[in-house]
Amino acid sequence: MSQKFKLAVIQMKISESKVDSVHKAIENVAYMADKGANMVVLPEMFNCPYETYRFPAYAEAEGGDTYQRLSKIAKEKKVYLVAGSVPEVEADRIYNTTYIFGPSGDLIGKHRKMHLFEIDIVNGQYFREAETLTAGKSVTVVDTEFGKIGVAICFDVRFPELARLMAQQGAEMLIYPAAFNMTTGPAHWELLFRSRAIDQQVFTVGCAPARDYESNYISYGNSIIVNPWGEVIGRLNDEEGYLFGEIDLSEVSQIRAQLPLNQSIRDDVYELKTILKED
Ligand SMILES: NC(=O)CC(=O)C(=O)O
């Protein structure tokens with residue numbers, strides 16, 4: 001099995017119009033697929049401004065219009081699509097959800113953000129996703145023809161336990177649709193993506209909305225790809241654009257053979273396990 005593939009990360013501005021944002025996302029996916037991408041990633045909340053009060057109004061059930069259009073473009077262009085995230089409604093609950101489609105357009109996985117973003121900086125950034133969202137409970141790892149990929153969302157990257165669980169399930173790349181802000185982005189963004197890559201000896205990917213000073217929540221941008229040695233192999237600035245990564249997942253086993261961290265894990269002293277497995 002070849003573990004080589006071309007990864008495209010799309011950094012786009014999100015507009016107030018869901019129709020426009022979805023249209024733009026689909027056009028970008030098609031463009032990157034035509035350029036040879038095998039897997040395309042979209043940003044967190046790409047069809048909805050990142051504001052808690054908006055999530056209920058923009059939310060759709062699984063299988064809704066946004067879902068259908070994403071599935072269709074994945075099938076038409078024969079790409080894996082890690083479809084950013086969208087507000088998803090089920091019963092009376094709303095989740096921050098990533099759908100993952102295979103090249104046949106079928107849903108191959110779904111992640112509901114497990115750690116809800118909570119911040120209250122004195123005289124600064126405030127955000128509480130829990131005002132309108134419910135947290136997911138499942139660890140998400142999908143099978144692709146190139147290898148296993150773990151998917152989680154933004155604030156999830158701050159929790160090394162989740163990255164470890166994805167790696168334990170065989171993930172060799174961790175993809176996080178994300179939207180850090182102008183307070184946490186400069187301080188933590190690159191450090192976190194490099195740390196998770198080094199901890200687990202995996203590729204990490206962060207895909208963010210482009211910065212928009214007109215919006216109430218200003219995304220840091222800086223979409224990023226890091227290799228299993230912890231090196232940044234691709235990074236954007238704040239503007240709209242694409243990252244195109246030539247990925248070879250066999251680098252994961254090469255790094256692990258030379259620096260075998262897994263052999264030194266003290267599972268006689270400590271243990272990490274999931275308690276709940278389903279949403
Ligand atoms: N948007 C997030 O979930 C998280 C974030 O912005 C941060 O951790 O900073």
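For the structure itself, look to the data block above.
Nothing here was measured: the structure is a model prediction, and the numbers come from that model.

**Student:** Quick question: what am I supposed to make of a nonpolar patch on the surface here?
**Tutor:** On the surface, Trp229, Leu259 and Leu261 cluster together to form a nonpolar patch covering roughly 290 Å² of accessible area. By secondary structure assignment, the location of Trp229 is in the loop between strand 13 (224-226) and strand 14 (232-235).

**Student:** Can you help me understand the site of the ligand in this one?
**Tutor:** For the ligand, the full set of nearby residues is Glu44, Tyr50, Lys113, Phe117, Cys154, Phe155, Arg158, Ala179, Phe180, Asn181, Thr184 and Tyr217. Measuring from an oxygen atom of the ligand, one finds a side-chain N or O atom of Lys113 at 2.6 Å. Separating an oxygen atom of the ligand from a side-chain N or O atom of Tyr217 is a distance of 3.1 Å. Here the ligand, which alone exposes 270 Å², has 100% of that area covered by the protein.

**Student:** What am I meant to see in the packing of aromatic side chains here?
**Tutor:** Two descriptors summarise a pair of aromatic rings, namely the distance from one centre to the other and the angle between the planes of the rings. All chains considered together, the criterion is met by 16 aromatic pairs. Here the aromatic rings of Tyr50 and Phe127 are separated by 4.4 Å at their centres, their planes lie at 5°, and the arrangement is stacked. You can see Tyr50 sitting in the loop between strand 2 (39-41) and helix 2 (55-58) and its partner Phe127 sitting in strand 8 (residues 126-128), a full 77 residues away along the chain. Each of the two residues, Tyr50 as well as Phe127, counts as buried. Seen from the ring of Tyr95, Arg112 lies directly overhead, with NZ or CZ sitting 3.8 Å from the centre.

**Student:** I would appreciate a short explanation of the pairing of strand 5 (residues 93-101) in the present structure.
**Tutor:** Side-chain direction in a regular strand flips from residue to residue, so the side chains alternate between the two faces of the sheet. Here strand 5 lies mainly inside the structure; 8 of its 9 residues are buried. With 2 bridges joining them, strand 3 (residues 80-82) and strand 5 adopt antiparallel strand pairing. Bridge pairing in strand 5 links Leu81 to Phe101. Remark: 2 residues form the turn of the hairpin made by strand 4 (residues 86-90) and strand 5, two consecutive strands paired antiparallel; Ala91 in that turn has positive phi of roughly 50°. Looking at chain direction, strand 5 and strand 6 (residues 107-112) are connected through 5 bridges and run antiparallel. The residue of strand 6 that forms the bridge with Tyr99 is Lys110. Counted along the chain from strand 5 to the antiparallel partner strand 6, the turn is 5 residues long, and its residue Gly105 has a positive phi close to 90°.

**Student:** I'm lost on the packing of helix 4 (residues 160-168) against helix 5 (residues 184-200) in this one. Help?
**Tutor:** For any two helices packed against each other, the geometry comes down to the angle between their axes and how far apart the axes lie. Running from amino to carboxyl end, helix 4 crosses helix 5 at an angle of 45°, the nearest separation of the two axes being 10 Å. It follows from the interaxial angle that helix 4 and helix 5 lie oblique. Remark: the crossing between helix 4 and helix 5 carries right-handed chirality. When helix 4 is examined against helix 5, the residues Pro160, Ala163, Arg164 and Ala167 are found in contact with a partner set consisting of Arg196, Asp199 and Gln200. The class makeup of the residues in the contact of helix 4 with helix 5 is 3 nonpolar, 1 polar and 3 charged.

How each quantity is defined
- Residues numbered from 1 in each chain as written.
- Predicted model: local features only at pLDDT ≥ 70, side-chain atom pairs only at ≥ 80, totals over all residues.
- Heavy atoms only, no water.
- Patch = residues over 30% accessible without salt bridge, like charges linked within 9 Å, V, L, I, M, F, W, Y side chains within 5 Å.
- Areas by Shrake-Rupley, 256 points an atom, 1.4 Å probe, with all protein chains shown as cover.
- Salt bridge = Lys/Arg side-chain N within 4 Å of Asp/Glu carboxyl O.
- Helix = DSSP H or I, 4+ residues; strand = E, 2+ residues; numbered from the N terminus.
- Near = heavy atom within 4 Å.
- Polar contact = N/O pair within 3.5 Å; in protein donor to acceptor, adjacent residues only side chain to side chain.
- Phe/Tyr/Trp six-rings, centres within 6.5 Å; stacked < 30°, edge-to-face > 60°.
- Buried < 20%, exposed > 50% of the residue type's maximum accessible area, 1.4 Å probe, protein only.
- Lys NZ or Arg CZ within 6 Å of the ring centre and 35° of its normal.
- Pairing = 2+ DSSP bridges.
- Axes fitted to C-alpha atoms, helices over the stretch in contact; angles between N-to-C directions.
- Parallel < 35°, antiparallel > 145°, perpendicular 65-115°, else oblique.
- Left-handed = near helix turned anticlockwise from the far one by under 90°.
- Contact = heavy atoms within 4.5 Å.
- Nonpolar A, V, L, I, M, F, W, Y, C, P; charged D, E, K, R; others polar.

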